[in-house]
Amino acid sequence: MAAGGLREKHKKRRLKQVLDAADRLFTKHGYEATRIETIADSASVAPATVYNYFSTKPNLLMELALRHVKAALPERRAYLRDLPDDIFAGVLGFERLLAEQAMRHLSRESWRVILSAQHLEPGGKSSRTGARLNNLIKRHYMRLLRTYQARGVLRADVDVMALSNLIVGITTQDFSRFVASQSGTIEDLLATGVPHVR
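Residues numbered from 1 in each chain as written. Predicted model: local features only at pLDDT ≥ 70, side-chain atom pairs only at ≥ 80, totals over all residues. Heavy atoms only, no water.

A. Local environment of helix 2 (residues 36-43). Of the residues making up helix 2, those classed as buried are Ile36, Ile39, Ala40 and Ala43. The arc that holds the buried residues of helix 2, viewed along the axis, is 100°, so those residues lie on one side. Looking one or two residues past helix 2, Ser44 carries a phi angle of roughly 60°, positive in sign. (Buried < 20%, exposed > 50% of the residue type's maximum accessible area, 1.4 Å probe, protein only. Helix = DSSP H or I, 4+ residues; strand = E, 2+ residues; numbered from the N terminus. Arc of directions from axis to C-beta.)

B. Inspection of the packing of helix 6 (residues 108-120) against helix 8 (residues 160-180) at higher detail. Here helix 6 crosses helix 8 at 135°, and the two axes come no closer than 8 Å. Between helix 6 and helix 8, the angle falls in the class oblique. Crossing geometry of helix 6 relative to helix 8 is assigned as left-handed. On helix 8, the residues that touch Arg108, Trp111, Arg112 and Leu115 of helix 6 are Thr172, Phe175, Ser176, Phe178, Val179 and Ala180. Each residue belonging to the contact of helix 6 with helix 8 can be placed in one class, and the counts come to 6 nonpolar, 2 polar and 2 charged. (Axes fitted to C-alpha atoms, helices over the stretch in contact; angles between N-to-C directions. Parallel < 35°, antiparallel > 145°, perpendicular 65-115°, else oblique. Left-handed = near helix turned anticlockwise from the far one by under 90°. Contact = heavy atoms within 4.5 Å. Nonpolar A, V, L, I, M, F, W, Y, C, P; charged D, E, K, R; others polar.)

C. Quick peek at the pattern of salt bridges. Using the criterion set out here, one finds 8 salt bridges in the structure. Across the pair Arg67 and Asp20 runs a salt bridge, and its minimum N-O distance is 2.8 Å. Here Asp20 lies in helix 1 (residues 3-29) and Arg67 lies in helix 4 (residues 57-81), a separation of 47 residues in the sequence. Its relative accessible area of 26% is what places Arg67 among the partly exposed residues. Within this structure, Lys16, Asp20, Asp23 and Arg67 form a network of salt bridges that share partners. (Salt bridge = Lys/Arg side-chain N within 4 Å of Asp/Glu carboxyl O.)

D. Highlighting the environment of Val50. Assignment of secondary structure puts Val50 in helix 3 (residues 47-54). Of the residues examined, Val50 reaches a relative accessible area of 1% and is grouped as buried. Taking the C-alpha atoms as reference points, Val50 and Ile36, 14 residues apart in sequence, are found 7.2 Å from one another. Setting aside chain neighbours within four positions, we find Val50 in contact with Val18, Ile36, Ala40, Val45, Ser55 and Leu60.

Structure (structure tokens):
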């Protein structure tokens, strides 16, 4: 193996070690209570290595969120391939899936950091990553809506991009309120936003 290939392999292994350590520590102690030095120690790397890979703790969290989203994609794709007949049931089911996936992998505290990134560091890496995550959900909704158009359930003249933006805007606002609270269930979340879409 060439030196560059071996170096890249080691870098990927260290990156995985850091993300795994951060995931464990954020779950156990919370995002704010977990220090970069603790993550580095748990990952058996120097703190400088963590900063070299991510620059900031929010960037590390965003990378962790991306990793969880990539792992969740097959479940999302399976849902979008087998949508219920009713469009509102389809939207509600997809929102339930998104909320369950989000809360399965990251805490409310972590989601508050992720959702605030665009305001705290406009144009920064965390903000750009947050926009990527948001755009991915919009693309999923466009696929969902086009499926209902093809089935004749949604009128063909409906602008699926505009409707996707509207749905994601409403549901992101509701998810923001949900993670800002210390209480409430996914059922409570779904009861607030999705009825507005109807």
